[in-house]
Amino acid sequence: MGKFTKWLGAGLGFTFGGPIGAIIGYALGSVIDGVSVQDYNEEKEKYREKQRHQKKQGRPKVKQTTSGDFEISLLILASVVIKSDGKVDQVELDYVRLHFIDLYGKDRANHAFKLFNGIIKKEVSTRQVCIQIREHMSHSSRLQLIHFLFGISKADGTVTSSEEEAIQKIAGYLYISPGDYNSIKAMFYNEADAAYKILEISKDVSDDEVKKAYRKMAKKYHPDRLQDIGEEHKKVAKEKFQSIQKAYENIKKERNIT
């Protein structure tokens, strides 16, 4: 079995099945030379056999997201956003590649990008993919997906209306609230009231409410909430956490809060 298929088998859990599994199978069979779909199916069967064994042992099936599941979910949703404006922008592709190298190292990132080149050629049912992700992934991890997608769309300097529409649709399918969505969106826009939007408050709130909002958001976006998807993703989560801290510091300075 090739290194590529071993990479998939080592990291995947829930994404072996459902619409995401079908997309992976298509990508493997369409563009990746020297990779056997049969090998992939064998890895998938091993995973299912493990699930059947757990069921026979009377152990409840535990929904758990692996680092590989998060990685595959990122690739598929990134392909949706990149294609939303009718073209595949090289700057955005480069952003995805560099981001993955930073996250996983060059070898693992190369594997991921090979798969991405196949995924981006397939039409994806965004709703079906998001339902599968939603059923297995924590709210904190889904917020991290939205943050990453905005980073991709901003890679060429501008978030187009079609890209924003695609991300908003994804957020809705992932059960991300309008408040959470607008908070993450504000992290990528230089608007006058962006700091307040990031903390999910209006400009007319009291200083005590500002402090309360910061504590709530700092807890919601703390990197430790992403323990289930691997240490590598906590590094990117810190960027989001730092945006919360920066927003709070800007409001404190504006209001002379001590």
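This section reports on the structure supplied with the text. Source: prediction; values computed, not measured.

Quick notes on the overall build of the protein chain
Regarding its fold elements, the protein chain presents 13 helices and zero strands. For the protein chain, the succession of helices and strands along the chain, N to C, is α-α-α-α-α-α-α-α-α-α-α-α-α. In the protein chain, buried positions account for 49% of the 258 residues. Per element, the accessible surface of the protein chain, about 12,900 Å² overall, is 48% carbon and sulfur.

Examining the packing of aromatic side chains
Enumeration according to the criterion identifies five aromatic pairs in this entry. Pairing F113 with F116 gives two aromatic rings, centres 5.5 Å apart and planes at 35 degrees, and the pair type is tilted. You can see F113 and its partner F116 sitting in helix α6 (residues 106–119), three residues apart, about one turn around the helix. Accessibility assignment for this pair places F113 and F116 in one class, buried. Taken together, a centroid distance of 5.6 Å and an interplanar angle of 20 degrees make the contact between F150 and F188 stacked.

Considering helix α5 (residues 90–104)
With 15 residues, α5 extends 21 Å between its outermost C-alpha atoms, agreeing within 8% with the 21 Å of an ideal straight helix rising 1.5 Å per residue. For α5, the complete set of buried residues consists of E92, L93, V96, H99, F100, L103 and Y104. Viewed along the axis of α5, the buried residues span an arc of 125 degrees, placing them on a single side of the element. Projecting away from the buried face of α5 at angles above 90 degrees are the exposed residues Q90 and L98. For α5, the capping residue at the N-terminal end is D89, with a side-chain oxygen 2.7 Å from the backbone nitrogen of V91. Where α5 ends, the next residue or the one after it, G105, has phi of about 90 degrees, a positive value.

A closer look at the environment of N110
Tracing the sequence through the fold places N110 in helix α6. Distance from N110 to R97, taken between C-alpha atoms, is 7.9 Å for residues 13 residues apart in sequence.

What counts, and at which threshold
What you see as residue numbers is a count from 1 along each chain, following the sequence as written. In keeping with the model being predicted, local features are shown solely for residues with a pLDDT of at least 70 and side-chain atom pairs are shown and tallied solely at 80 or more, while totals for entire chains, interfaces and linings include all residues. Here the side-chain values reflect all heavy atoms present in the structure, with hydrogen atoms and water set aside. The helix and strand labels rest on DSSP assignments: H or I over at least four residues marks a helix, E over at least two residues marks a strand, and numbering proceeds from the N terminus. A 1.4 Å probe rolled over the protein chains alone gives each residue an accessible area, and that area as a share of the maximum for its type sets the label: buried under 20%, exposed over 50%, partly exposed in between. Areas reported here follow the Shrake-Rupley algorithm with a probe of radius 1.4 Å; residue values treat only the protein chains shown as occluding. Two aromatic rings, drawn from Phe, Tyr or Trp (for Trp, its six-membered ring), form a pair once their centres lie within 6.5 Å of each other, and the interplanar angle then sorts them: stacked below 30 degrees, edge-to-face above 60, tilted otherwise. The span expected for a helix works out to 1.5 Å for each residue beyond the first. Note: the arc covers the axis-to-C-beta directions of the helix. Definition of a polar contact: a pair of N or O atoms within 3.5 Å, with one able to donate and the other able to accept a hydrogen when the atoms are protein atoms, and with sequence-neighbouring residues admitted only if both atoms are side-chain atoms.

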